[in-house]
Amino acid sequence: MQKKKVTFELEIYNSQEELNVLDRELMQAAVLARENAYAPYSGFKVGAAVLLANGEIVIGNNQENASYPSGLCAERVAVFQAGARFPGIAVKAIAISVNSVRRVVDTPAAPCGNCRQAIAEYEQRQTEGIEILMMGSTGEVYKSASITDLLPLAFGKTFLD
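**Considerations on the sheet that holds strand E5 (residues 131–135)**
Link 1 in the chain: The strand order across the open sheet formed by six strands is E1-E6-E5-E4-E2-E3, and the pairing between neighbours is mixed. Both edges of this open sheet fall to strand E1 (11–13) and strand E3 (57–61), since each of them pairs with a single strand only. When strand polarity is set aside, the average angle formed by the axes of neighbouring strands in this sheet is 15°.
Link 2 in the chain: In the sheet, E1 pairs with strand E6 (residues 141–144) via three bridges, with the strands oriented antiparallel. Bridge pairing in E6 links tyrosine 13 to valine 141.
Link 3 in the chain: In the packing of helix H1 (residues 21–35) onto the sheet, the strands contacted are strand E2 (44–52), E3, strand E4 (91–100), E5 and E6, and the crossing angle to E2 comes to about 140°.

Written out as structure tokens, the structure is:
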């Protein structure tokens, strides 16, 4: 038997003001998308903004449903919309911003497992990393270089060959 430790690096910025101009613009698009989220049940609003290789920014926000499994997360709404509107164009980065109607969220929230898997599919298909930026409604911004940092040992098409 052997043991293997899996680690990754995470850049942490004190606020979105420390981000470069492009990352800050992408995060601002996620913040604006968050405000239009449909979250009447959880009160937890999420906005996502996807930067494509052609410079387009595509947004998404969470869409809840009284039948909870029927809703969809902001990250998948944005990524799937990008894939539908701009097929074959690489995803360069995804910014995610969260907030709650019950309290100010001052820590970043990472994508759920379903969203990580969906983003991993795009990253595997395009064979280049997708940067992930995460922020609450205020405070620090986390940045990872690839979804594989957040989903090590991801399942993918190679298992189905």
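**Considering helix H2 (residues 74–85)**
Link 1 in the chain: Between its first and last C-alpha atoms H2 spans 16 Å; for 12 residues at 1.5 Å apiece the expected length is 16 Å, and the two agree.
Link 2 in the chain: Buried residues of H2: Ala74, Glu75, Arg76, Ala78, Val79 and Ala82, and no others.
Link 3 in the chain: Structurally, H2 contributes buried residues whose contacts are with E2, E3, E4 and helix H3 (113–126).

**Topic: the nonpolar core**
Link 1 in the chain: Val50, Ile94 and Ile132 are the most contacted members of the largest nonpolar core, which totals 25 residues.
Link 2 in the chain: When contributions to this core are tallied by element, the ones reaching two or more residues are E2, H2, E4, H3, E5 and helix H4 (147–150).
Link 3 in the chain: Beyond its immediate sequence surroundings of up to four residues, isoleucine 94 is in contact with Leu26, Ala49, Val50, Val79, Ile119, Ile130, Glu131, Ile132 and Leu133.
Link 4 in the chain: Residues Leu26, Met27, Ala29 and Val31 belong to the second largest nonpolar core, which totals 14 residues.

**Remarks on the pattern of salt bridges**
Side chains bearing opposite charge may pair, as long as their charged atoms lie close to each other.
Link 1 in the chain: Under the defined criterion, the tally for this structure stands at four salt bridges.
Link 2 in the chain: Across the pair glutamate 35 and arginine 34 runs a salt bridge, and its minimum N-O distance is 2.7 Å.
Link 3 in the chain: The partner of lysine 143 in a salt bridge is glutamate 131, with the nearest N and O atoms 3.4 Å apart. Taken as a pair, lysine 143 in strand E6 and glutamate 131 in strand E5 lie far apart in primary sequence, 12 residues in all.

Analysis parameters
Residues numbered from 1 in each chain as written. Predicted model: local features only at pLDDT ≥ 70, side-chain atom pairs only at ≥ 80, totals over all residues. Heavy atoms only, no water. Pairing = 2+ DSSP bridges. Helix = DSSP H or I, 4+ residues; strand = E, 2+ residues; numbered from the N terminus. Axes fitted to C-alpha atoms, helices over the stretch in contact; angles between N-to-C directions. Contact = heavy atoms within 4.5 Å. Expected span 1.5 Å × (residues − 1). Buried < 20%, exposed > 50% of the residue type's maximum accessible area, 1.4 Å probe, protein only. Core = buried A, V, L, I, M, F, W, Y, C linked by side-chain atoms within 4.5 Å. Salt bridge = Lys/Arg side-chain N within 4 Å of Asp/Glu carboxyl O.

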